[in-house]
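Here is how the chains run, residue by residue.
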Amino acid sequence: MDHSKHHHHDGHEHDDHEYDGHEHTHDEHRDHSHGAGDAAPAHGHSHGEPTGNAIEKIGFTRSQFLRLCLAGVAAGAVAPSPGARAQVPTASRPRTDSYDDPLVFNGPSPYRQFLKKEGIPVYEGGFIDVNKIELKPWKRVGALGAYIFLEGTAGTVDAWVCEIPPGGQTTAERHIFEEQILVLSGKGRTQVWQRDPSDMITLEWEKGAVFPSPLNTWHRHINTGKDPVRMVAITNAPLLIDMFRHPDFIFDNDYVFTERFDGRKDYFSPKPAAFYPTVPRQRRPVYVQGHHSYTVVNYAPNVWKAELHPAGQGVEDYDTHYAMARNTMALHVEQFPTGTYERCHRHGPGSTIILLDGSGFSMMWPHEIGTTPFKDGKQQQVKQFDWKEGTLVVPPLQWFHQHFNSGKTPARFVKLGGWNNDLYPFTTTLVSDPGRTEIDYPDEDPRVRQIFAERLAATGGQFKMPESVFKKG
Ligand SMILES: [Fe+2]
Ligand SMILES: [Fe+2]
């Protein structure tokens, strides 16, 4: 398997982390609890006012605490709804042990323990070919599988690859982590339901489809073709499993996120519910306003062919970001022409890119060595690696990286995970940067474009970067 232990990465552009600066109110995205139609803002589950007196708080009994919570409900802080009522604690009788039982200091993380129990290969490193990695029987899922847990994720997201033989299907599952799937080959269908299997909806797909398993819905994938189905998905399981540490809570949780999945029959319609051609995004250190296009839809039938729109990030590059299932993880498809490259940039963890088409290479280096590593005699620390269809890469945390199309066709990739979601930004800057830190063309190390021109010359390609982009102003 060709994964590498170094840190190279990535390919592709993109993405970046982004975060636009335009405003959203908090309530609009934090409507997790509470059923549909519930207008009450979710903040302020006021469980009693802090008094500044810790001893007094310790004196609360459980029933006093519950009374305060209920008083909050009566005051409208938590609107009762069928969804909310379903969450009233009943006797909790876990069927499995939590990952922190018994207590162990300095042991493996709950997510690492989970990985071990899954019993399939875990590929680590900098990049890997999702079409070629070897898979092993994945008992829990009823198919073949492997995990990919690359360094650039910083432990915030993972990926799995799964293969379903002809006539096979996966075991139905649900989980409270997000999952965004790309079909790499084959054809089949996915069934999704909440609570009652008779309300199941079905999505038919083939190679190129991208769709989510909506948060905590039951779902099952079925191979309906003659060839094996291979799919890859990015999930945020590492964060959720580490935070809650209990398999039942993650995989056997009755909470219904109605805003993520409402069960309507056309939920997976490929027709966008909304489209925004130019959602702004700020870049640093010079505050230039960039933009991206956004498609609100829960299913893209074929990302190899999906319609893209001017992205304004490089030279004639195109993209669309997808807002699927109201996921917090980001998702976008991007393409840039042959003979060009996008601006060098760096960002937070987890931007998981899968090359769909084209060929080229990437350069990357730790940001500590500065923006002009060749000029400063630090070229030894600059990594270069080649990519092609099927390469999955996650740029190392805050490394400068830059992608070059040295092939004969446009380079296209999908980014299935990462935290640059303009709709649902994170409060912590550990994962979501306030702005995209990049090196504009006039500021870059001149050796960078020279290397690109040399690579192109060696293969008969043409350097198509307009001279004007290298001039200031
Ligand atoms: Fe990037
Ligand atoms: Fe799943």
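Everything numeric here is computed off the predicted structure, so don't read it as measured data. (Residues numbered from 1 in each chain as written. Chains lettered and ligands numbered in written order. Predicted model: local features only at pLDDT ≥ 70, side-chain atom pairs only at ≥ 80, totals over all residues.)

1. Looking at the overall build of the chain
Summing up its helical and strand segments, the chain has eight helices and 24 strands in all. For the chain, with 473 residues in total, the buried portion stands at 40%. Long-range pairs, those at least 24 residues apart, make up 78% of the contacts in the chain between residues at least 6 apart in sequence. (Helix = DSSP H or I, 4+ residues; strand = E, 2+ residues; numbered from the N terminus. Buried ≥ 20, exposed ≤ 12 C-beta atoms within 10 Å, placed from the backbone. Contact = placed C-beta atoms within 7 Å.)

2. Re the environment of Ala300
Locating Ala300 in the fold gives a position in the loop between β13 (289-296) and β14 (309-310). A sequence separation of 24 residues divides Ala300 from Met324, and the C-alpha atoms of the two residues are 9.4 Å apart. Once residues lying within four places of it in the same chain are set aside, the contact partners of Ala300 are Ala209, Val210, Pro270, Ala306 and Tyr322.

3. Digging into the sheet that holds strand β10 (residues 218-223)
Read from one edge of the open sheet, three strands run β8-β7-β10, paired in antiparallel fashion. Since the sheet does not close on itself, it has two edges, and those belong to β8 (201-206) and β10, each with one partner. For this sheet, the mean inter-axis angle between neighbouring strands, taken without regard to orientation, is 20°. Relative to β8, strand β7 (residues 187-193) is paired through six bridges, and the arrangement is antiparallel. (Pairing = 2+ DSSP bridges. Axes fitted to C-alpha atoms, helices over the stretch in contact; angles between N-to-C directions.)

4. Section: the nonpolar core
General note: in soluble globular proteins, nonpolar side chains tend to be found buried as a group. Membership of the largest hydrophobic core comes to 78 residues, with the highest contact counts inside it found for Leu182 and Ile354. Both domain 1 (11-39 + 109-251) and domain 3 (274-470) contribute no fewer than three residues apiece to this core. Those residues in contact with Leu182, other than ones at most four positions away along the chain, are Val210, Met231, Val232, Val303, Ile354, Val414 and Leu416. (Core = buried A, V, L, I, M, F, W, Y, C linked by C-beta atoms within 7 Å. Domains from an automatic or database assignment.)

5. With respect to helix α5 (residues 110-118)
Every buried residue of α5 is listed here: Pro110, Tyr111 and Phe114. Within α5, the buried residues cover an arc of 100° as seen down the axis, which keeps them to one side. On its buried face, α5 sits against α6 (237-244). (Arc of directions from axis to C-beta.)

6. Considerations on the packing of α5 against α6
Viewed as axis vectors pointing N to C, α5 and α6 meet at an angle of 110°, and their least axial separation amounts to 7 Å. Taken together, the axes of α5 and α6 lie roughly perpendicular to each other. Residues Pro110, Tyr111 and Phe114 of α5 pack against Ala237, Pro238, Ile241 and Asp242 of α6. When the residues that make up the contact of α5 with α6 are grouped by side-chain class, the tally is six nonpolar, no polar and one charged. (Parallel < 35°, antiparallel > 145°, perpendicular 65-115°, else oblique. Nonpolar A, V, L, I, M, F, W, Y, C, P; charged D, E, K, R; others polar.)

7. Re unusual backbone geometry
Here the amide bond leading from Asp101 into Pro102 is cis, since omega sits at 5°, within 30 degrees of zero. For Pro102, the location among the structural elements is in the loop between α4 (82-85) and α5. In this structure, Gln398 is a non-glycine residue whose phi angle is positive, near 60°.

8. Here we look at the pairing of strand β16 (residues 332-336)
Among the five residues in β16, five count as buried, and that is most of the element. Of the two faces of β16, the one carrying His332, Glu334 and Phe336 and the one carrying Val333 and Gln335 are both buried. Here strand β15 (residues 318-323) pairs with β16 via four bridges, running antiparallel. When the sheet's bridge partners are listed, Thr320 is paired in β16 with Val333. In terms of strand pairing, β16 meets strand β23 (residues 411-417) through five bridges, oriented antiparallel. Bridged to Phe336 within β23 is Ala411.

9. Topic: the confidence of the model for the chain
Put simply, the chain has an average pLDDT of 83, and 78% of its residues get 70 or more. Across residues 1-86, confidence stays below pLDDT 50; counting only partners more than four residues off in sequence or on other chains, it has 158 contacts. (pLDDT = per-residue confidence, 0-100.)

10. A closer look at helix α8 (residues 446-458)
The first and last C-alpha atoms of α8 sit 19 Å apart over 13 residues, in line with the 18 Å expected at 1.5 Å per residue. Backbone geometry just downstream of α8 places Gly460 in the positive-phi region, at approximately 75°. (Expected span 1.5 Å × (residues − 1).)

11. As for the environment of Thr96
By the element assignment, Thr96 lies in the loop between α4 and α5. A count of 12 C-beta atoms within 10 Å places Thr96 in the exposed class. Put simply, Thr96 and Phe249 are 153 residues apart on the chain and 9.8 Å apart in space, counted from C-alpha to C-alpha. Those residues in contact with Thr96 that sit more than four places away from it in its chain are Pro247 and Asp248.

12. Digging into the environment of His401
Residue placement: His401 occurs in strand β22 (residues 399-405). Between the alpha carbons of His401 and Ser362 there is a distance of 6.9 Å; along the sequence they are 39 residues apart.

13. As for the pairing of strand β5 (residues 158-164)
Most of β5 sits inside the fold, with six of its seven residues counted as buried. Both strand β4 (residues 143-148) and β5 contribute to a ladder of five bridges, which runs antiparallel. The residue bridging Gly145 from the neighbouring strand is Cys162, located in β5. One ladder, built from seven bridges, connects β5 with strand β11 (residues 229-235); its direction is antiparallel. Note on β11: the bridge partner recorded for Ala159 is Ile234.

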